[in-house]
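Structural description and commentary
Okay, here's what each chain looks like letter by letter:
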2 protein chains.
Amino acid sequence: GDAGEEDEIEDPWQDEEYFGSYSTLRLHLEMLSDRSRTETYRRVVVSNRASLRNKAVMDLGCGTGIISLFCAQLAQPSVVYAVEASAMAEYTRQLVRQNGCEEVIRVLQGRGEDIQLPGKVDVLVSEWMGNCLVFEFMVESVLSARDRWLREGGVMWPSSAALALAPCQAHDYFAEKMAFWERPYGLDFTPLQPLAQQEFFTKPKFSHVMEPSDCLASPRHVISLNMYTLQIKDLEEITGQFDFPVETSGTFHGFTAWFAVYFESLDAGGTTVELNTGPNSEPTHWKQTLFMLDQPVSLNTGSSVTGTIVLRRNPVWRRHMSVTLSWNISGDADNWCPQSGTKTFPMWR
Amino acid sequence: GDAGEEDEIEDPWQDEEYFGSYSTLRLHLEMLSDRSRTETYRRVVVSNRASLRNKAVMDLGCGTGIISLFCAQLAQPSVVYAVEASAMAEYTRQLVRQNGCEEVIRVLQGRGEDIQLPGKVDVLVSEWMGNCLVFEFMVESVLSARDRWLREGGVMWPSSAALALAPCQAHDYFAEKMAFWERPYGLDFTPLQPLAQQEFFTKPKFSHVMEPSDCLASPRHVISLNMYTLQIKDLEEITGQFDFPVETSGTFHGFTAWFAVYFESLDAGGTTVELNTGPNSEPTHWKQTLFMLDQPVSLNTGSSVTGTIVLRRNPVWRRHMSVTLSWNISGDADNWCPQSGTKTFPMWR
Ligand SMILES: [Ca+2]
Ligand SMILES: [Ca+2]
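Numbering of residues begins from 1 in every chain and follows the order in which that chain's sequence is written. Chain letters start at A and ligand numbers start at 1, both assigned in the order the entries are written. Selection of residues for local features in this predicted model requires a pLDDT of at least 70, selection of side-chain atom pairs for listing and counting requires 80 or more, and totals for whole chains, interfaces and linings are taken over all residues. Side-chain numbers here rest on the full set of heavy atoms in the structure, without hydrogens or water.

1. A look at the overall build of chain A
Convention followed: Numbering of helices and strands starts at the N terminus; helices are DSSP runs of H or I of at least 4 residues and strands are runs of E of at least 2. The atom set for the radius of gyration is the C-alpha atoms, and the globule formula is 2.2 Å times the number of residues raised to the power 0.38. Exposure categories follow from relative accessible area, calculated using a 1.4 Å probe and restricted to protein chains: below 20% of the type maximum is buried, above 50% is exposed, and the middle band is partly exposed. Throughout, a residue-residue contact means that at least one pair of heavy atoms, one from each residue, lies within 4.5 Å. Only the protein chains shown count as cover for residues, and all accessible areas are computed by the Shrake-Rupley method using a 1.4 Å probe.
A count of helices and strands for chain A gives nine helices and 15 strands. Relative to its length of 349 residues, chain A is compact, with a C-alpha radius of gyration of 22 Å against a globular reference of 20 Å. For chain A, buried positions account for 57% of its 349 residues. A separation threshold of at least 6 residues defines the contact pool for chain A, and within that pool the share at least 24 residues apart is 76%. Here chain A displays about 14,500 Å² of accessible surface, and carbon together with sulfur accounts for 47% of that area.

Written out as structure tokens, the structure reads:
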């Protein structure tokens, strides 16, 4: 930001705006209506039903308390600390009583960083994931709570996380936002195209729904996070590499990203549960995130797209980051010139 | 608003926010992508092609200048004043040049209230309609420009406008926002229902798409505006009455509103062109507006819903208003008790 902007910084975490949005129902309804997300957390509880017996659980950023309620109703933990920073906590308490779980669930209003518990927990469960996995950086609160409250040998849910990426077509989005200006109603509106590029392609497009057939190469995990060893300082810059052999000839409009998280079993050798937000899985409210190139590139099978992705946390606005994609196209028989590019997308500053 | 809010009023027209939103492409793209809207304005020009010859036209709030360009390319007006208050005007000038219309179209940046023209015009065309017809009250600028710049006997496009209303079902919306809390994932979340009612049913739902089969009675025009005689002071309170004989038994969840506008021919006896944004017409970007009752009511054929609608312009926030619906249900054979109610919906303050 420029100097004028920095003068105005009062709360670079924007907690009032962030937690304020979670004190209304809209976001909670969106998350609860996401059956893929919510049923996955229920499946994690059900498949660990026996092992959760007498365990102490922390549900960080519990919202309406749905995960805590699953634990209390479907397993027999000794206690569940349901931690929520927003004013929703007052309603969470009512929901716990309404469902007869007040003996097991203790609702605590506060931030993960500040909360005080009577003792350590065996399991730290949280739904902290945002767009491109880490956007809004709720994960920092989870890591902070882990370091203070997870006992040695305790379990993190999710236990690991990955960011997936694929080069892709986006004909509909390109037509709607850019090609549109070429001849609308028989007129030439191309003078607006630079404005359109600035307005629609500078930032990533959230809530993109990619058809699997729009992938030009098989998606790859380009970043993997271990929730036991990840440190808060690691979040400042997260880097990944990719090498995509093009499997479908088509127009390379950009990259699409999404995430998957994994919940290990409390029992050695038990099954791991996966929540995948990609185009081949059941849709979730996160959908996918689309990063548009400034110019589409024609790609043929036989070529490949290699490069790097860097997530850089905003040093000032701590819930924001930028995503830098650098790519190189090689081995295209029809186009011997290697093409390369780099583009940085603010999310949102 | 409370005292604290009123202390902060600097610009009750919120012009910076209002015109600022029209200096980006997003809203212009939404309007231009609305083929029903845009093709209707083109049809108005085409069907008046001969009579527009040598006429002076004002296109108020011209945006990208699409209507002005239709006039210049499809007819032979002497001049088109393309008036736009937002910074988009600079691009409008470029589009006029790019399409070779700079001899006919003069782009003027300014508000309808302030603009100076060399002389009066024969036709004042504008696309000023908002949700529930008048929301955002751009119509005030049109009336002000009419009084100053339309010659005696000149033509207004649109020439008249109507607000349509129907009592309706809204099962999906009710299920999604209210019934949802009854038993999600086997839990009782009903303590959140008062919060849901407050959050989702207090204000109208914009961008509602009503299925024609969700109308419980034939829609009626409850308010009609004559664009020649309407006065700015009339906008403070606009009242309509309704009497809907129920034609389909069902659940009365609320009222749905939309508008239609009419463009009279420049020739006496010529055909009038209609733009209708209702559920039986081609979809537009306005869609419909849904007003949810606090409690659904079961309605049977043979009963009727009578009442009034009042649009009250906010005395402070001049682009906002409230909609008060008062209704009375009578003649239901299954339910001899007449039921009545009244509810005021802020849009948005
Ligand atoms: Ca989240
Ligand atoms: Ca409008």
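2. Examining the packing of aromatic side chains
Going by this rule: The pairing test for Phe, Tyr and Trp rings, Trp by its six-membered ring, is centres within 6.5 Å, and the orientation test on the planes gives stacked under 30 degrees, edge-to-face over 60, and tilted for anything in between. By the criterion adopted, a ring carries a charge over it if an Arg CZ or a Lys NZ lies within 6 Å of its centre and within 35 degrees of its normal.
On inspection of all chains with the given rule, the structure shows 34 aromatic pairs over all chains. Ring centres of A:F252 and A:F255 lie 5.2 Å apart, and the angle between their planes is 90°; this geometry places the pair in the edge-to-face category. In this structure, A:F252 and A:F255 share a single accessibility class: buried. When the centroid spacing of 5.1 Å and the interplanar angle of 70° are considered together, the rings of B:Y18 and B:F19 count as edge-to-face. A single burial state applies to B:Y18 and to B:F19, both of which are buried. In this structure an aromatic cluster arises from ring pairing among A:F242, A:F244, A:F252, A:F255 and A:W327. Sitting over the face of the ring of B:F200, B:K177 holds its NZ or CZ atom 4.7 Å from the ring centroid. Positioned above the aromatic ring of B:Y18 is the side chain of B:R319, whose terminal nitrogen or guanidinium carbon lies 3.6 Å from the ring centre.

3. Thoughts on the interface of chain A and chain B
Defined as follows: Defined in terms of a 1.4 Å probe, buried area is the accessible area two parts forfeit on being brought together, summed over both. For this analysis, a salt bridge means a side-chain nitrogen from Lys or Arg found within 4 Å of a carboxyl oxygen belonging to Asp or Glu. Side-chain atoms alone can form a polar contact between residues adjacent in sequence; in general such a contact is a pair of N or O atoms within 3.5 Å, and within protein one must be able to donate a hydrogen while the other accepts it.
Between chain A and chain B, the contact holds 38 residues from the first and 38 residues from the second. Carbon and sulfur atoms supply 72% of the area that chain A and chain B bury against each other, a total of about 3,500 Å² over both sides. Among the residues chain A hides against chain B, the three largest losses belong to A:L25, A:L29 and A:Y185. Together they make up 24% of the total. Put simply, chain A and chain B have zero salt bridges between them. Put simply, chain A and chain B have ten residue pairs in polar contact (both at pLDDT 80 or more) between them. Counting residues per element, the ones that place at least two in the side of chain A that touches chain B are α3 (25-33), α4 (35-47), α5 (66-74), α6 (89-98), α8 (171-177) and α9 (193-201) of chain A. Element by element, the count of residues in the side of chain A that touches chain B is highest for α3(A), at five residues.

4. A word on the sheet that holds strand β3 (residues 105-109) of chain A
Residue and element names in this part refer to chain A. Heads up, the rule is: The rule for pairing is simple: two strands pair if DSSP sees at least two bridges between them. What counts as an axis is a line fitted to C-alpha atoms, over the stretch in contact for a helix, and the angles between N-to-C directions run from 0 to 180 degrees.
Strand order across the open sheet formed by five strands is β3-β2-β1-β4-β5, with parallel pairing between neighbours. Edge strands, defined here as strands with exactly one partner in the open sheet, are β3 and β5 (150-157). Here the strands of the sheet are splayed against their neighbours by 20° on average, with no regard to which way each runs. Of the strand pairs in this sheet, strand β1 (residues 56-60) and strand β2 (residues 79-84) are connected by five bridges, and their pairing is parallel. Residue pairing for β2: A56 is matched across the bridge by V79.

5. Topic: the coordination of the calcium ion (ligand 2)
Definition in use: Atoms are scored as donors when they are N, O or S and lie within 2.8 Å of the metal, with 3.2 Å used for Na, K and Ca; no water is included, so coordination may look incomplete.
Ligation of the calcium ion (ligand 2) by protein atoms is provided by B:E127 (OE) and B:M129 (O), these donors lying 2.7 to 3.1 Å from the ion. Since its relative accessible area comes to 5%, B:M129 is described here as buried.

6. Regarding the coordination of the calcium ion (ligand 1)
Listed as protein donors to the calcium ion (ligand 1) are A:E127 (OE) and A:M129 (O); their distances from the metal cover 2.7 to 3.1 Å. Judged by its relative accessible area of 9%, A:E127 is buried.

7. As for the pattern of salt bridges
All names here are of chain A. Tallied over the full model, the rule gives 30 salt bridges over all chains. Where E127 meets R37, a salt bridge forms, and the shortest distance between an N and an O atom there is 2.7 Å. Placement of E127 in the loop between β4 (121-126) and α7 (138-149) and of R37 in helix α4 is noted, with a sequence separation of 90 residues between them. This pair shows no difference in class: E127 is buried, exactly as R37 is. Connected through shared salt-bridge partners, D15, R111, E113 and R319 make up one network.

8. Brief notes about the side chain of A:Q288
All names here are of chain A. Here Q288 shows up in strand β12 (residues 288-299). With relative accessibility at 6%, the residue Q288 sits in the buried group. Within the local environment of Q288, its side chain forms a polar contact with the backbone oxygen of T277, the two atoms lying 2.9 Å apart. Setting aside anything within four residues of it in sequence, one finds Q288 in contact with K205, F206, S207, H208, V209, M210, T256, A257, W258, T277, G278 and P279.

9. Section: the relation of the copies chain A and chain B
Each copy of the chain is related to the other by a rotation around an axis and a translation along that axis. Here is the rule: Our superposition of the copies is a least-squares fit, built on the C-alpha atoms of residues whose pLDDT is at least 70 in both.
For the pair chain A and chain B, the best superposition has an RMSD of 0.0 Å and corresponds to a rotation of 180° with a translation of 0.0 Å parallel to the axis. The superposition of one copy onto the other is thereby described by a two-fold rotation axis.

10. Concerning the environment of B:G154
All names here are of chain B. Topologically, G154 is positioned in strand β5 (residues 150-157). Taking relative accessible area as the criterion, G154 reaches 8% and is therefore assigned buried. Once you skip the residues sitting within four places of it in the chain, G154 turns out to touch D122 and Y228.

11. Some details on helix α9 (residues 193-201) of chain B
B:Q193, B:L195, B:A196, B:F200 and B:F201 are the residues of α9(B) that are buried. The secondary structure elements touched by the buried residues of α9(B) are α3 and α6 of chain A together with α8 (171-177), β12 (288-299) and β15 (339-347) of chain B.

12. Topic: the state of the cysteines
Short version of the rule: Disulfide: a pair of cysteine sulfur atoms within 2.5 Å of each other.
What the rule picks out here adds up to zero disulfides over all chains. Not part of a disulfide, A:C62 finds its nearest cysteine sulfur in A:C71, a span of 11 Å. Of the cysteine sulfurs around B:C215, a residue in no disulfide, the closest is that of B:C168, at 6.9 Å.

13. With respect to the sheet that holds strand β9 (residues 237-245) of chain A
All names here are of chain A. Within the open sheet, the four strands sit side by side as β9-β13-β14-β15. Their pairing is antiparallel. The sheet terminates laterally at β9 and β15 (339-347), the two strands that pair on one side only. Across this sheet, the average inter-strand angle for adjacent strands is 15°, counted without regard to direction. Pairing of strand β13 (residues 304-313) with strand β14 (residues 321-330), which is carried by ten bridges, proceeds in the antiparallel orientation. When the sheet's bridge partners are listed, R312 is paired in β14 with S322.

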